[in-house]
Amino acid sequence: MSETARSLPVLPVGTPGRRSLGWWGMLWAIVTEGTLFAYLLFSYGYFAVQLAGNWMPRQVPPLRLALPGIVLLVISVPAMWLGSFGARRGRTVALLIGLVLALALGAAFGVLQGLDWRSEPLTLRQGEFGSVYYTLTGLHLAHLAAGLLGLLLMLIWSALGYFDARRHAPVLILAAYWYFVVVVGVTVFVALYVLPRVW
Amino acid sequence: MSIRRVAPAAAALLTLLAQPAAGQRPLGYLHGEGPKAWPVVQLTLGLLAIACVVVIVTSALVVVGIWRRRVTDITDIRSVPPTRAGGGLRWIAIGLGISGVALLGSLIWTVVVLAAVNGPSRPTRLTIEVTGQQWWWKARYLDDDPSQQFITAGEIHIPVGEPVRVRLIGGDVIHSFWVPALAGKMETIPGQINETWIEAGQPGIYRGQCSEYCGVQHAHMGFLVVADPAEKFAAWRAAQLRPAQVAVPQQTGATLFVYHCGACHTVRGTGAGGTVAPDLTHLMSRGILAGDVVANTIGNLAGWIANPQGVKPGTRMPAQDLSGPELQRVVGFLQTLK
Amino acid sequence: MADPELERRPEFATATVAYAHDLERLWETSPGIAGWLSTVDHKEIGIRYLVTAFAFLCAGGIEALLMRLQLAGPDRHVLGPHAYDQAFSMHGISMIFLYAFPVLSGFSNYLWPLVLGSRDMAFPRLNALSYWIYVAAGLFMYAGLAIGQAPNDGWYNYVPYANREYNPGMNEDFYSLGMIFLGISTTVGSINFIVTLARTRAPGMSVNRLPILVWGTLTASVANVLAVPSVSLAFFLLWMDRQFGTHFFDVPQGGQPLLWQHLFWMYAHPWVYALVLPAMGIVSDGLPTFCRRPLVGYAPVALATVATMILGFGVWVHHMFATGIPNLALAFFGGASIVIAVPSAVAVFAWTATIWLGRPVITTAFLFFASMIVLFVIGGVSGFMTGSVPVDWQLTETYFVVAHIHYVLIGINVFPVVGGIYYWFPKFTGRMLDEKLGKWNFWTMFIGFNVAFLPMHLTGLWGMPRRIYTYSPDMGWTTLNAITTVGAFIFAIGVAMLLINVVISLRVGRIAGANPWDAPTLEWSVPSPPPPYNFAVIPHVASRHPLWEDRLGESEVTSLVTRGLLLDHGRETIGTSPLDGDPDVILKMPGDSYMPLLLSVGLTMGFVGLLVHLWWLAVAGAAVALIAGVVWLWPRGTLGQRRVRHV
């Protein structure tokens, strides 16, 4: 055994990509945040079952702003992927373009969601659906805001030249989080905008 | 120490605990007084016996195990070298086997009892709608004929030997309907209607109690279930249906009552028609006051009206601005509500 | 040529004095208040967790004694109903949330890196953050008590009584926000444990060599990650209802009181297992040392730990048997609640066999561990009875259940914890606790506890409901309650003896040496107390009992504790693969930092702002937290996160 120990290979030092502790930490943070949304969706389903037909508002939330919003959010996935690809290859230009695009698309989604809130006839206190609607979209917006902040930080750090082909763990970690935000966004969209129409 | 010798001894001990002085422990549930309670009491005692045997056997194993090869000189633990004597996995296998049999048996017994108490064996003729409120119980006797319905509070009469359906309403917060001698608990939850059933095997007064924490006076949310023979129950029911008769000497008391108390309390036959507090039309037919805080005597009644917060701190009943003579008149009036 | 900043082959050798001196300089926390506020040393944080948890235990204990004085006889007036309701609520909150779990986090924080052969937890700064938030959240909830507005709806806080309509004070706001706040601490702490286990173990520390304590804490941590969001959400929805008029639990508008119960118990049932599994791990690891043989059935016990938790996620409805759920569903959940006894039985028989097949050395720690088996069985069989649906309809919400949870929480948590303190105190401090006082300590606690809580089963069977502030003499509970009160005070004296023993032994206790119990695991291979860097060389693990290998004489290979990997280019430890424990990275560990404290201060400001509706304070708190977070995460050359520009 001491032989194997002595013949250790050359080991990477520090925070190399997916071997970094931060990446593992983010993975579990995503698990716990994902569970949070799962419980909220469970509550949504619970109301739907218990209150049966009479809990939907007369007018289900309109798609006019929500649909373009969710499309933009989904498009931010390839943008983010471009960014993390650039980071892994050490191509700063691709990294910067990817980050800027993701930031812009995510922000656009946030703005559209905000406008949607303003034009929405529903209110927070208007029955169960109103309460669930604003809580679910609100929690998602909070996660989106955290993601946008993270993207901004990545942009600053990229601009300062902190990342290269061997040191870029933060970008990968943030990308994992960003994909999570998008998946939650799509799930929320399906739950609040699509399902009420299907029922 | 064989299980065969321990088990009957434990069971005998438990039966002893359960049997005597049931009357001295009005909320005890090791004795049942009806067909819904009996199978559960047996199951409870049975599981308790299994539990006691398990505790005695494992405790004995641990104590003997420590005793037989103990080392009490702890000054040099190194003098007892570590070894890996015996596998020991057999212990786990045998232990699991025995526990498995006991658990499976308990599970089957549980399911059998659950099925047995699931519903009454005969169709029910009486349904009572019971509402839990902070901190008292309202009972509405349902009938297809609305003129045969009436409301009372704190004391639920049922015919003996007959299953009675109980519909449970949550009036404000969650409470739990519990008459230990007759049946286990069922919560009264606002926004939904739960159902349970009770049946008393013999006449008697059975104590009930709210058993889900519901606020500051959760401790004083008792009620009584009075099981009467059929004819006595019918008579009681007929009496409850009658409105109050206000005799001339009580006219002032009745007026004061309607003015001060009528917004919350109902006394059928007078102007008092409030629904947020107990219906007092037949107050004097009841044995308890204020959710079983005190017995229904004239002194307690006067004290309760004069100073509700002193008798039951936090109660929803406000003190009324009544002078001494006024209080006397109100109590005098209430005394006539037989 | 490879850049040594990015990759290198670690040296393999024996530590020299000069090397150890360098490590000391690299890892030590600066002295004084500055170091105290900024340290990220897992040992320091672990001790703080233990001390703080015991402080909350004492607070909860005082609340309990007040309640016992009130209930010592019928119609007493020690506490009025309002005070009593706050006392039992704070008692539950203190013991369940502020003592029982954090105390185990204390042990695990201190011990994990030492038993796993690492120099720190995966996220040392997150560890500090977790601790600071725990303290802040605990004080936040106790602030309610200080102004007479403590939570007053019991620890499971059913709605609608917790709604504003019925509970207009700030009581429930303290509880709602406090629990969301505390949830952050629990979550980051749990993630830290999971990643520590996955990534920072000594080479050779494969999953089949982990101490059972590690299995217990790991299982609890995974459960927390999946369960805590449920209760945080429930309290968040309640707070929204109370402050912004949403209708989640507001019945007239269609709110669902049972949704609260589902969300709460989906969290709280696994949580109860999180309170006992690591403590069972303490017994599984401590008992063999004093029985002078390895644990019987390592693999079944480890599997039982995990199985308990998996089943534990499927039995939450057994807290809701009396809510009108259909009987078929009840039969299923009742069955699952009975089946969950199986993995517990595995542990009980494994411990008993370990005692029978070993040579028990009767130390105080051993007595606490061994007595726990008996208490565990009592708490287990009463739990098994509550799993039987028709029986539970009678047992639930009576003192039978109160007796049950105390056998679970005191029997399976407090007894192992106190045993664990007797066991590891020498490692923590370098001195032994006094054994003679220890024996007195044990017997006082054991007798007091059983006098208090064994008769309480009968109190329950005789019908005494929970959470009543008084009872009348004709209920037949007077004698039993008097006995329980006497027992409670004896138990309290026992706990005081522990504190006295700790205070005395810290000064005059016998010097322990590295391994006073001749114990088998890695933490005993380092000096007592361990140096700030834990291991001078990263050990190599070849079996479950690295320090017994020579005498058990069965390991073909031997663990290495004196020769190993030298890592001294800054704060470094080794990262290993999740299953087999093969080294795959040299990890750079962060130094001391004020940011965890600052972030906690920001969050505290935020929560206080939300509590008292000072929105500017909430925003300012969020800003402080944000700045602390950005500084915290700023890429550092010393952590290998960016190139250090050499001038």
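Residues numbered from 1 in each chain as written. Chains lettered and ligands numbered in written order. Predicted model: local features only at pLDDT ≥ 70, side-chain atom pairs only at ≥ 80, totals over all residues. Heavy atoms only, no water.

**As for the overall build of chain B**
Here is step 1: Within chain B one finds 8 helices and 12 strands.
Here is step 2: What you see for chain B is a C-alpha radius of gyration of 27 Å, clearly larger than the 20 Å of a compact globule of 338 residues, by over 25%.
Here is step 3: Projected onto its principal axes, the C-alpha positions of chain B cover 95 × 55 × 40 Å.
Here is step 4: For chain B, the residues scored as buried account for 51% of the 338 residues in total.
Here is step 5: For chain B, the exposed surface amounts to about 14700 Å²; the carbon and sulfur share of it is 61%.
Here is step 6: If you average the places of the 27 positive and of the 20 negative side-chain charges in chain B, the two averages end up 11 Å apart. (Helix = DSSP H or I, 4+ residues; strand = E, 2+ residues; numbered from the N terminus. Rg over C-alpha atoms; globule rule 2.2 N^0.38 Å. Buried < 20%, exposed > 50% of the residue type's maximum accessible area, 1.4 Å probe, protein only. Areas by Shrake-Rupley, 256 points an atom, 1.4 Å probe, with all protein chains shown as cover. Lys, Arg positive; Asp, Glu negative; His and termini not counted. Charge placed at Lys NZ, Arg CZ, Asp CG, Glu CD.)

**Structural notes on the pairing of strand β4 (residues 155-159) of chain B**
Residue and element names in this part refer to chain B.
Here is step 1: Across the 5 residues that make up β4, a large majority, 5, are buried.
Here is step 2: Here β4 shows no split at all, with E155, H157 and P159 on one side and I156 and I158 on the other all buried.
Here is step 3: In this structure, β4 lies alongside strand β10 (residues 222-228), joined through 5 bridges in parallel fashion. Bridged to I156 within β10 is V225. (Pairing = 2+ DSSP bridges.)

**Side note on the interface of chain C and chain A**
Here is step 1: Facing the 67 residues of chain C at the interface are 50 residues of chain A.
Here is step 2: Both faces considered, chain C and chain A share a buried interface measuring about 5400 Å² in area, 70% of it formed by carbon and sulfur atoms.
Here is step 3: Joining chain C to chain A, the criterion identifies 1 salt bridge.
Here is step 4: Of the charged contacts, one joins E7 of chain C and R166 of chain A as a salt bridge, the two residues approaching to 3.3 Å between their closest N and O atoms.
Here is step 5: At the boundary of chain C with chain A, the tally comes to 12 residue pairs in polar contact (both at pLDDT 80 or more).
Here is step 6: Of all the secondary structure elements, the ones that give two or more residues to the side of chain C that touches chain A are β1 (7-8), α6 (171-199), α7 (212-244), α8 (257-291), β4 (560-566), β5 (572-576), β6 (583-588) and α19 (615-633) of chain C. (Contact = heavy atoms within 4.5 Å. Buried area = accessible area lost by both parts, 1.4 Å probe. Salt bridge = Lys/Arg side-chain N within 4 Å of Asp/Glu carboxyl O. Polar contact = N/O pair within 3.5 Å; in protein donor to acceptor, adjacent residues only side chain to side chain.)

**Let's talk about the sheet that holds β10 of chain B**
Residue and element names in this part refer to chain B.
Here is step 1: With mixed pairing, the 3 strands of this open sheet are ordered in space as β4-β10-β9. With partners counted over all chains shown, the strands left at the sheet margins are β4 and β9 (204-209), one partner each. Each strand axis lies, on average, 25 degrees off the axis of its neighbour in the sheet, ignoring direction.
Here is step 2: Each of β4 and β10 touches helix α4 (residues 230-241); the most contacted strand, β4, lies at about 135 degrees to it. (Axes fitted to C-alpha atoms, helices over the stretch in contact; angles between N-to-C directions.)

**Comments concerning α6 of chain C**
Here is step 1: Taking 1.5 Å per residue as the helical rise, α6 of chain C with its 29 residues ought to reach 42 Å, and the 42 Å between its terminal C-alpha atoms agrees with that figure.
Here is step 2: Burial analysis of α6 of chain C places 28 of its 29 residues in the buried class, the great majority of the element. (Expected span 1.5 Å × (residues − 1).)

**Quick look at the side chain of R467 of chain C**
Here is step 1: Mapped onto the secondary structure, R467 of chain C falls in the loop between α15 (435-461) and α16 (478-508).
Here is step 2: Lacking a salt bridge, the buried R467 of chain C has E212 of chain B as its closest oppositely charged neighbour, with an N-O distance of 5.1 Å.
Here is step 3: With residues near it in sequence (within four places) discarded, R467 of chain C still touches Y213 and H218 of chain B together with Y84, F88, D153, G154, W155 and Y156 of chain C.

**A closer look at the state of the cysteines**
Residue and element names in this part refer to chain B.
Here is step 1: If you walk through the whole model with that rule in mind, you get 0 disulfides over all chains.
Here is step 2: Unpaired in terms of disulfides, C261 finds its nearest cysteine sulfur in C264, a separation of 8.4 Å.
Here is step 3: Residue C261 is classed as buried on the basis of its relative accessible area, which comes to 12%. (Disulfide = S-S within 2.5 Å.)

**Looking at the environment of W55 of chain A**
All names here are of chain A.
Here is step 1: Along the chain, W55 turns up in the loop between α2 (21-50) and α3 (66-89).
Here is step 2: The sequence separation of W55 and A29 amounts to 26 residues, and the corresponding C-alpha distance is 33 Å.
Here is step 3: The residues contacting W55, other than those within four sequence positions of it, are Y44, F47, A48, E128, F129 and V132.

**A closer look at empty space enclosed by the protein**
All names here are of chain C.
Here is step 1: If you walk through the whole model with that rule in mind, you get 11 cavities of 30 Å³ or more.
Here is step 2: There is about 120 Å³ of room inside the largest cavity.
Here is step 3: In this structure, the largest cavity is lined by 16 residues; those nearest its centre are Y49, F101, S105, S185 and T186.
Here is step 4: Elements with a minimum of two residues in the lining of the largest cavity: α4 (81-116), α5 (124-146) and α6.
Here is step 5: Class assignment for the residues of the lining of the largest cavity results in 8 nonpolar, 8 polar and no charged. (1 Å grid on protein atoms, 1.4 Å probe; cavity = no way out; pocket = protein on both sides within 12 Å on 5 of 7 lines; lining within 4 Å. Points joined across faces, edges and corners; volume = space filled by probe spheres on them. Nonpolar A, V, L, I, M, F, W, Y, C, P; charged D, E, K, R; others polar.)

**Structural notes on the domain arrangement of chain B**
Here is step 1: In terms of domains, chain B is made up of domain 1 (3-26 + 243-335), domain 2 (38-69 + 90-117) and domain 3 (126-241).
Here is step 2: Taking the mean C-alpha position of each, domain 2 of chain B and domain 3 of chain B sit 36 Å from one another. (Domains from an automatic or database assignment.)

**Here we look at the interface of chain C and chain B**
When the parts come together, some accessible area is lost, and that loss is often what is quoted as the size of the interface.
Here is step 1: Chain C puts 94 residues into the contact, and the matching count from chain B is 85 residues.
Here is step 2: When chain C packs against chain B, close to 8000 Å² is buried across both sides, 70% of that on carbon and sulfur atoms.
Here is step 3: Per-residue buried area on chain C facing chain B is highest for F349, W356 and Q394 of chain C; these three make up 10% of the total on that side.
Here is step 4: In this structure, the connection of chain C to chain B is made through 1 salt bridge.
Here is step 5: The partner of R207 of chain B in a salt bridge is D474 of chain C, with the nearest N and O atoms 3.7 Å apart.
Here is step 6: For the pair chain C and chain B, the number of links is 26 residue pairs in polar contact (both at pLDDT 80 or more).
Here is step 7: Breaking the side of chain C that touches chain B down by element, the ones donating at least two residues are α4, α8, α10 (327-339), α11 (341-356), α12 (364-387), α13 (389-395), α15 and α17 (549-552) of chain C.
Here is step 8: With 11 residues, α11 of chain C is the largest single contributor of residues to the side of chain C that touches chain B.
Here is step 9: Split by residue class, the side of chain C that touches chain B holds 59 nonpolar, 22 polar and 13 charged.

**Thoughts on the domain arrangement of chain C**
Residues and elements named next belong to chain C.
Here is step 1: Domain parsing of chain C yields domain 1 (4-24 + 522-590) and domain 2 (42-508).
Here is step 2: Contacts between the two partners involve 46 residues from domain 1 and, on the opposite side, 41 residues from domain 2.
Here is step 3: For the pairing of domain 1 and domain 2, the buried interface totals around 3300 Å² over both sides, and the portion due to carbon and sulfur atoms is 57%.
Here is step 4: Broken down residue by residue, the surface that domain 1 buries against domain 2 is led by E523, W524 and R544, which jointly contribute 19%.

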